[in-house]
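Chain by chain, the residues:
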Amino acid sequence: MRLHRKIILTAEGARLFQKITLSFDLLSKELLDLKHQGVVGRLNLYSRPSFAQAWLAPRLGDFLDRYPGIDVCLSTGNDLIQLDELGVDIAINFGHLSLPGLTCTPLMNESITPVCSAHYADKFGLLNHPERLQGCRLLHDHRAWQRNSGNHEWQQWTEAFAISVTPASHLYCDQMALAVTTALHHGGVAMGRMRLLEEKLQSGSLVAPFPDKILASPYGYALYTQQGTHWPKVQLFMAWIAEQAGSTA
């Protein structure tokens, strides 16, 4: 329809235009999906052990389903990240770390609070009584970050809430997952990272006896990649893991 040198669509034409636009949008999405499915190759990941075991591994199946042409090799360790020497595409770290030649992309924050089995909490009457940590066994991740972190996470928490604790004994592990496994089997109280323990806390296999004493950790999780252009497989993984982290925020 023409009005004073101006062309406008009729109602029928507008409906047709809408349908065509939608069809092109769907076609673009299909082409994008085909393009992503066409990405092939091996993606080498390096992660802190506890993050890999408790958070990443349970979700990796979704990534592999979306991009069947990509094979993932997941390695873990507490060593300093050396992507070029290890042939790693993406490293996932917990803590503060700045290394030359690497791009750091923050992934998600963390918070900490003591966790134990319900049996252990009942045995020592811990629920809402942090002063009763006296005499308990404290479980530590002494490699929480690259240097020897010792009992630093416990120290952060007790200082934040002005709690004095003289434990009966200590168990030091080189990853949080080992401390948590000990806690699951009634072996003591671990300092738990909430983002990694959501499922265990929801199921009741672990309890957080002091629900009003959750401390925002000064450390968080971050992705490290080589500076410069990323391969498509790296870009796809970076977008996927950011989506996963956002869905559990």
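Our structure's up above, just so we're on the same page.
What counts and what doesn't
- Residues numbered from 1 in each chain as written.
- Predicted model: local features only at pLDDT ≥ 70, side-chain atom pairs only at ≥ 80, totals over all residues.
- Heavy atoms only, no water.
- Axes fitted to C-alpha atoms, helices over the stretch in contact; angles between N-to-C directions.
- Helix = DSSP H or I, 4+ residues; strand = E, 2+ residues; numbered from the N terminus.
- Parallel < 35°, antiparallel > 145°, perpendicular 65-115°, else oblique.
- Left-handed = near helix turned anticlockwise from the far one by under 90°.
- Contact = heavy atoms within 4.5 Å.
- Nonpolar A, V, L, I, M, F, W, Y, C, P; charged D, E, K, R; others polar.
- Phe/Tyr/Trp six-rings, centres within 6.5 Å; stacked < 30°, edge-to-face > 60°.
- Buried < 20%, exposed > 50% of the residue type's maximum accessible area, 1.4 Å probe, protein only.
- Pairing = 2+ DSSP bridges.
- Salt bridge = Lys/Arg side-chain N within 4 Å of Asp/Glu carboxyl O.
- Core = buried A, V, L, I, M, F, W, Y, C linked by side-chain atoms within 4.5 Å.
- Expected span 1.5 Å × (residues − 1).
- Bend = angle between axes of the 7 residues up to and from the residue.

Q: Before we move on, could you go through the packing of helix α6 (residues 176-184) against helix α7 (residues 194-203) and cite the residues and values that matter?
A: Packing of α6 against α7 brings their axes to within 12 Å, and their N-to-C directions diverge by 25°. With respect to each other, α6 and α7 are oriented roughly parallel. In this structure, the crossing between α6 and α7 has a hand that is right-handed. Residues M176, V180 and L184 of α6 touch α7, and the partners they reach there are L196, L197 and K200. Residue classes in the contact of α6 with α7 are distributed as five nonpolar, no polar and one charged.

Q: For the packing of aromatic side chains, give the residues involved together with the corresponding values.
A: Applying the stated criterion to the full structure yields twelve aromatic pairs. For the ring pair W154 and W157, a centre distance of 5.9 Å and an interplane angle of 85° mean the geometry is edge-to-face. One end of the pair, W154, and the other, W157, are both in helix α5 (residues 152-160), three residues apart, so they sit about a helical turn from each other. Comparing W154 with W157, the two get one shared label, buried. Linked through ring pairs, F51, W55, F94, Y219 and Y221 together constitute an aromatic cluster.

Q: How would you summarise the pairing of strand β6 (residues 102-115) if you had to cite specific residues and measurements?
A: With nine bridges joining them, β6 and strand β10 (residues 215-226) adopt antiparallel strand pairing. Bridging across to β10, L102 finds its partner in Q226. The pairing of β6 with strand β9 (residues 189-193) spans four bridges and is antiparallel. Of the residues in β9, the one forming a bridge with I112 is R193.

Q: If you had to explain the pattern of salt bridges to someone new, which residues and values would you point to?
A: For the structure on display, the rule yields six salt bridges. R193 is paired through a salt bridge with D141; the nearest N and O atoms lie 2.7 Å apart. Taken together, the residues span a long stretch of sequence, with R193 in strand β9 and D141 in strand β7 (residues 137-141) at a distance of 52 residues. Of the two residues examined, R193 and D141, each falls in the buried class. The shortest N-O distance in the salt bridge between D212 and K213 comes to 3.4 Å. Residue classification places K213 among the buried positions, given a relative accessible area of 18%. Taken together, the salt bridges that share partners define one network made up of D62, R66 and E243.

Q: I'd like a rundown of the nonpolar core, residues and numbers included.
A: Within the largest apolar cluster, 38 residues are counted, with the highest numbers of intra-cluster contacts made by F51, L56, F237 and I241. Going through the elements one at a time, β3 (41-47), α2 (49-66), β5 (90-94), β6, α6, α7, β10 and α8 (232-247) are the ones with two or more residues in this core. At seven residues, α8 tops the list of elements feeding residues into this core. In terms of nonpolar packing, the next biggest core, distinct from the first, is built from 16 residues, I112, A121, L126 and L138 among them.

Q: Pulling in residues and values, what's your account of α2?
A: In an α-helix there are 3.6 residues to a turn, and that puts residues three or four apart on one side. The terminal C-alpha atoms of α2 lie 24 Å apart, and with 18 residues this matches the ideal 26 Å at 1.5 Å per residue to within 8%. Taken as a whole, α2 carries its principal kink of about 55° at L56; the proline P58 stands between one and four residues after it.

Structural measurements only, silent on function.
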